Structures are given as C-alpha cells and as structure tokens.
Amino acid sequence: MNTTTFLGDKPINRMGYGAMQLAGPGVFGPPRDPGAARAVLRRAIELGVDHIDTSQYYGPDVVNDLIREALHPYPENLKLVTKVGARRDDAGGVLPAQRPDELRDGVEANLRSLRVERLDLVNLRLVEGSPDSAVPLEEQLAALEDLRQEGKLDLIGLSNVDRAQVQHALEFVDVAEIQNGYSVIDRQDDEMVDFAREREIAFVPFFPLGSSFRGGPARLAAEATIAQVADKHAATPTQVALAWLLARYDRMLLIPGTTSIAHLEENMAAVALELDDGDLAALDRVD
C-alpha cells in the first residue's frame, strides 16, 4: 500500500491528523488539559503526520491556538488545512457563514490564529440554513478564488457536499479535496469516492471510524467480520477500518482525531496493515 500520495500537486503522507476533538465537549471551549492536547500534536509530528485538519470555528479559536502553541514555527513540510463556511453562536451552535465577506473573515481568522500568511488548503463547508439567506455556490467559490489569487490560500476543497455540487463547483474552480463522512460502516458516499477517483481529487473522510450516530468505534468492534479480519492480522478493529479506507482509493487521506497519544499511535500504525483481496471482499460486505 502506498503511504504517500498527492493533495493537488503537493506530495503528502496519507495518514494525517484531525484536530477537532482537541476542543472541549461539543467542539466548544477549551479542553480539560491543554498541555495533554499540545502533547498529542507534537507526537503526531514525531510519527510523520504532515497534514493537520482544523478550523478557527473549532472552539472557536481553541484548536488553532493549541496548534500554534504546540508547533509554531511549523515544520517545513506541514500542511495546515482548514475550513470556512460556518460560525458558532454563544451556546456552541453551528450556523452558516457563507456570504463572501464571512468567508473572507473566516480565512483571515484562520491565518491570524494559526499565525501563517498562507493556508495550504481551505475547505468550503456547506451548512444548511434558511433558504431565503442561501448564497449561490458560485459566489462562495469566487470569494475563495479571490483569496487564492491574493496568495492567502493554495488549494480549495469542498466539505459536506453531494456529487451535483462538486460538478457545479468544477465549472468555476479546481477542487483539490472532497471532505465528507465515510467509513466501512457508513458507505453512502461510495459513488462520491468513485467520482473523486475519476477526477483524481483527494477524498478525506471525516468520521473515518464511523460517526457516533452510527455507533462509531464501538460498532466497529461489534462487527463480526471486522473482528475476524483484525484477529487474523493481530490488529485492532480501528486499524482494520482505517486500512480498508486506505485500500479503497489511492488518494484517500485519513485524518482520524483523538486526544490520546496511545490512540494516535494505534491509528498511525494502520498505514502498515496490508489487507488481502479476501479481507477487502469480506469488509466490502459489511453494512
């Protein structure tokens, strides 16, 4: 299995780190132990992570502040990927922020909190809001393209999108990444992964171990097929789920999140797990 691939034209390790969980409960407010959060970030870099997924509205500001405090000045090969299109209210609710001025403010807030002059990739996350306040996708993309032309970001991605939205976006900008929910126990985006392969667009699954709505890691451990493959390889169900994703598409980038160094090390080890054709056929039948 290839351990590296490309994000746009940039070489990248396929196993990255999603920093969202470093914030407090509900991705709102500070963590109980900021020092432990910073230690996880530093260990991720030691293990070869060169791609951290974050956003200023995680916290808000909390996660970006932790990344800056732990890692700035950043390793030369570290790619910081963020997202815009949402904001938090005072109670932690997620609201759309997709007007061009709001997207510009979101990019600027990420630049400021991470203390960088340029972001490697910015995902436009589509957030459902009131129909009468919806902003046409082409206007949102034009705002990001303007920022790209200004040198404030390199690549544009899309998050929480369907195929029709991606096809529409491709009429206006190059799309380097699609970031949607996807896992061995959540296969509703199978066709989207195939579409990404056709267009050589990186696919980055959030909830790569399944969302809490679908049972998450506990559901993985309870699946007999996953447990059997894990036993065969002396691996964990989590590692099998991540290895299945890596085998699914050679531009699949993983960003499993954790607040535990032990879990981080377990996740990173999945890149060395080689599943054979029989394993993959069995796992493809999990539903």
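Parameters at a glance
Residues numbered from 1 in each chain as written. Predicted model: local features only at pLDDT ≥ 70, side-chain atom pairs only at ≥ 80, totals over all residues. Heavy atoms only, no water. Helix = DSSP H or I, 4+ residues; strand = E, 2+ residues; numbered from the N terminus. Phe/Tyr/Trp six-rings, centres within 6.5 Å; stacked < 30°, edge-to-face > 60°. Buried < 20%, exposed > 50% of the residue type's maximum accessible area, 1.4 Å probe, protein only. Contact = heavy atoms within 4.5 Å. Core = buried A, V, L, I, M, F, W, Y, C linked by side-chain atoms within 4.5 Å. Pairing = 2+ DSSP bridges. Salt bridge = Lys/Arg side-chain N within 4 Å of Asp/Glu carboxyl O. Right-handed = clockwise from strand over helix to strand, strands pointing away.

Peer 1: What should I look at first to understand unusual backbone geometry in this one?
Peer 2: The residue after glycine 59, namely proline 60, is reached through a cis peptide bond having omega -15°. By the secondary structure assignment, proline 60 is in the loop between β4 (51-53) and α2 (62-71). In the segment running from histidine 72 into proline 73, the intervening peptide bond is cis, with an omega of 0°. Within the secondary structure layout, proline 73 lies in the loop between α2 and β5 (79-84). Phi angles above zero are rare outside glycine, and glutamate 200 is one such case at about 55°. As for its position among the elements, glutamate 200 is in the loop between α6 (190-199) and β11 (202-203). Although it is not a glycine, phenylalanine 207 adopts a positive phi angle of roughly 55°.

Peer 1: Mind showing me how you'd approach the packing of aromatic side chains here?
Peer 2: Aromatic ring pairs are described here by two measures, namely the spacing of the ring centres and the angle between the planes. What the rule picks out here adds up to 4 aromatic pairs. Between phenylalanine 206 and phenylalanine 207, the ring centres sit 5.4 Å apart and the planes meet at 80°, which makes this aromatic pair edge-to-face. Residue phenylalanine 207 is classed as partly exposed on the basis of its relative accessible area, which comes to 42%.

Peer 1: What is the right way to look at the environment of alanine 270 in this model?
Peer 2: Here alanine 270 lies in the loop between α10 (261-269) and α11 (277-284). According to the relative accessible area criterion, alanine 270 is buried, its value standing at 0%. For alanine 270, the contacting residues outside a window of four places in its chain are Met15, Gln239, Leu242, Ala243 and Leu246.

Peer 1: What is the right way to read the nonpolar core from this model?
Peer 2: The tendency in soluble globular proteins is for nonpolar side chains to be buried side by side. Grouped together as the largest cluster of nonpolar side chains are 82 residues, with contacts concentrated most on Leu41, Ile52, Ile67, Val107, Leu144 and Phe203. Sorting elements by how many residues they give to this core places helix α9 (residues 237-248) first, with 7 residues. Among residues more than four places away in sequence, those in contact with phenylalanine 203 are Ile178, Asn180, Tyr182, Asp189, Met192, Val193, Ala196, Tyr249, Arg251, Met252 and Leu253. One finds Leu7, Ala176, Ala202 and Leu253 within the second-largest nonpolar core, a separate group that totals 10 residues.

Peer 1: I keep staring at the sheet that holds strand β10 (residues 177-179) and nothing clicks. Help me out?
Peer 2: Sheets are built from strands paired through backbone hydrogen bonds, the pairs being either parallel or antiparallel. If you trace the 7 strands from one edge of the open sheet to the other, you get β3-β4-β5-β8-β9-β10-β11, paired in parallel fashion. Looking at which strands have only one partner, the edges of the open sheet turn out to be β3 (17-18) and β11. Where β4 lies against β5, 3 bridges are found, and the strand directions are parallel. Residue aspartate 53 lies in a different strand from β5, and its bridge partner there is valine 81.

Peer 1: I tried to follow the pattern of salt bridges on my own but got confused; where do I start?
Peer 2: As a working rule, side chains carrying opposite charge can pair if their charged atoms are close by. Evaluation of the coordinates by the stated rule reveals 21 salt bridges. Between arginine 118 and aspartate 120 there is a salt bridge whose closest N-O contact spans 3.0 Å. Residue classification places arginine 118 among the partly exposed positions, given a relative accessible area of 37%. Taking relative accessible area as the criterion, aspartate 120 reaches 9% and is therefore assigned buried. For arginine 219, the salt bridge is made with glutamate 223, and the minimal N-O distance between the two is 3.0 Å. Look at arginine 219 and you get partly exposed, because its relative accessible area is 21%. We classify glutamate 223 as buried; its relative accessible area is 18%. Via salt bridges that share partners, Arg187, Asp190, Asp194, Arg197 and Arg248 belong to a single interconnected network.

Peer 1: I tried to follow the pairing of β5 on my own but got confused; where do I start?
Peer 2: Looking down a regular strand, the side chains alternate between one sheet face and the other. Extensive coverage of β5 is indicated by the burial of 6 of its 6 residues. Side chains of β5 alternate between two faces, with Lys79, Val81 and Lys83 and Leu80, Thr82 and Val84 buried alike. In terms of handedness, the path from β4 via α2 over to β5 forms a crossover that is right-handed. Inspection of the sheet shows β5 paired to strand β8 (residues 119-125) by 4 bridges, in the parallel sense. Opposite valine 81, over in β8, you have leucine 121 as the bridge partner.

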